[in-house]
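Residues per chain, in single letters:
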Amino acid sequence: MTPPAKAHSLTGLFTGVLLTLPLMMLLYLGELLAGMPFVPFDLFDRMARLLPGPLITAGIDTMVSVLLALGAGGDLSSNAKIAERIMALVIFTGLGGLVGAAFFALMNRLPRAPREGYGPGGSAGLLFGLPLIAISFGVNVSATAEPLLRLVWLLALFAGWGAALGWVYNELCAVTLRQKRHTDGRTETSVQVIDRRQFLVRLGGASATLTVVGTGLGAALNTILNPATPAAPALPADGTATALVDGSGSPLPNAADPLQPAPGTRLEYTPVERHYRIDIVAGALPEFDAATYTLPITGSVANEVNWSLEDIRAMPAQDAFITMSCISNPIGGSLISTTKWTGVSFQHILAQIQPSPSAVALKIYGADGFDEYLALDLIRQDERIMLAYDFDDKPLPQRNGFPLRTHIPDRYGMKQPKWITRIEVVDAMGEGYWVRRGWSREALVRATSVIDTVATEAIYSQGAQYLVPIGGMAWAGDRGIAGVEVRVNGGDWQPAQLRSAMSDRAWNLWRYDWAFSEGSHTFEVRCIEADGTPQIETPAGVRPDGATGLHSARETLRNPA
Ligand SMILES: Nc1nc2c(c(=O)[nH]1)N[C@H]1C(S)=C(S)[C@@H](COP(=O)(O)O)O[C@H]1N2
Ligand SMILES: [Mo]
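What counts and how
- Residues numbered from 1 in each chain as written.
- Chains lettered and ligands numbered in written order.
- Predicted model: local features only at pLDDT ≥ 70, side-chain atom pairs only at ≥ 80, totals over all residues.
- Heavy atoms only, no water.
- Helix = DSSP H or I, 4+ residues; strand = E, 2+ residues; numbered from the N terminus.
- Expected span 1.5 Å × (residues − 1).
- 1 Å grid on protein atoms, 1.4 Å probe; cavity = no way out; pocket = protein on both sides within 12 Å on 5 of 7 lines; lining within 4 Å.
- Points joined across faces, edges and corners; volume = space filled by probe spheres on them.
- Nonpolar A, V, L, I, M, F, W, Y, C, P; charged D, E, K, R; others polar.
- Buried < 20%, exposed > 50% of the residue type's maximum accessible area, 1.4 Å probe, protein only.
- Pairing = 2+ DSSP bridges.

Quick word on helix α1 (residues 9-34)
For step 1, the next point in the chain: With 26 residues, α1 extends 36 Å from end C-alpha to end C-alpha; this agrees with the ideal 38 Å at 1.5 Å per step.
For step 2, the next point in the chain: At the C-terminal side of α1, Gly 35 shows a positive phi close to 65 degrees.

Structure below.
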């Protein structure tokens, strides 16, 4: 009687990794098509909350450098997010490998009989899966499938994964025995005998093919089932700023300003469906029913509340034309938009809830696992900080945070949660989602200015000269823009004309008509804040404090004559 064959635990590691690929594919399909949780991201999310911030930051920074080195585009600079996702997939795959190794090592110690069948593997899969399922239930807030269905789905997937692991183990041992008999000349037939390496290569090929094909089919099916909203052009081109009205049909606050933007300048008032969108949501957007939604505000307060949307809309309202930017917006990027926001001042809310003397901040939770802190002191200094419910005089679009989001003047978007589910009044300041990941704690916006257009199609003559209209935007949070200057071919800075802003927090459009000579020219723009502070010219990337540096454009100009 031959002793039971064994399989090396390194082979187990390899097998675990191989089998985790199709597992992730199935998890992905479940998320895409049935609102199931994608466990690798849940695990990473949990780890990011437990591990020290600097470790996460170092990891993300390394990944971002790798991505950039691989030529990842900077424009939709969600590079940090991509980095996190890749790390999440790698960690999950690694775990699968470790479980595979442990399983093989354990099986090698067992006598032959208890190794057989799918029992041992299935149990190992469940042991692997149970803690992950618990984590997923704890952190995942975007899955829409019924909890029971989710549980059954995940248990089945992990048990299936383990069963496959057990099958591979037994198969490898069987291959060994067959081979041994073959080399001993004890095989009766001439059936082809494959060795372990061939078996593993076939397994690898099969699991890679399955993963790629499954993912592709799923993505294709998804575009059929859930047609995406059409992608918005990065910079809507339209010079007729003054013809615009807001969602209530009223002219924009600066409609009387006679300065017409250069043709091709971005729209002064971003159409709400083209407002940029950035968030950590990987699958379906958080969904709420306006009729049943309530906002609990609890914690260190004299008066805990649980308001309906109707309650909140009945409070004194304020509105403002607001430019918001993502801290990941590169110089000249498209992650910046302007619309009209309506909401209730957090000062009013504080008056209702009456924070305890020990309270220092609001911890605001988003439905997607996002959270941020908002200091009570800041609220007390600035009545403009608000809990917003309308964009452009209509309820917030789902993608922009329906039903409730935060507005804080002069801060990047990362400080301002969308899809608010609850607010906790806390006695200690803490770090929000992106702060924990190494981004700016205060996230004060950097002054920025952009050239949207060198309007070669709108060249006109003035006496003996030809002029080309140049135009764009400048913004410095709520600090205001005193002036914009343009420089051509590294010459002197020349003042541009400034169109008045729609509010203390909205961008200014500017225009500069340049008497040109034929040829290729480089244009640069800079702005000066209301208090005289010049825009920072030294180039810096978006991380951790937001990008600095000058925007430039190059254009070849020819006299139309
Ligand atoms: N719940 C939630 N709120 C969030 C985020 C998020 O990921 N989840 N991202 C923040 C970031 S980084 C930005 S730039 C703004 C973007 O808001 P928008 O998508 O409406 O433009 O939302 C902020 N609020
Ligand atoms: Mo952002």
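Brief notes about the layout of surface pockets
For step 1, the next point in the chain: Approximately 250 Å³ is the volume attributed to the second largest pocket.
For step 2, the next point in the chain: Contributing to the lining of the second largest pocket are 14 residues, with Leu 19, Pro 22, Leu 23, Ala 164 and Leu 210 lying nearest its centre.
For step 3, the next point in the chain: Looking at the lining of the second largest pocket, the elements with two or more residues in it are α1, α7 (147-183) and α8 (196-225).
For step 4, the next point in the chain: A per-element tally of the lining of the second largest pocket places α7 first, with six residues.
For step 5, the next point in the chain: Here the lining of the second largest pocket is composed, by residue class, of twelve nonpolar, two polar and no charged.

As for the pairing of strand β13 (residues 465-475)
For step 1, the next point in the chain: β13 sits mainly inside the fold: nine of its eleven residues count as buried.
For step 2, the next point in the chain: Two strands pair when backbone bridges link them, and strand β11 (residues 448-454) and β13 are joined in this way by six bridges, in the antiparallel orientation. Within β13, the residue paired with Thr 448 across the bridge is Trp 475.
For step 3, the next point in the chain: Alignment of strand β12 (residues 460-462) against β13, held across three bridges, turns out to be antiparallel. Along β13, the bridge assignment pairs Ser 461 with Tyr 466.

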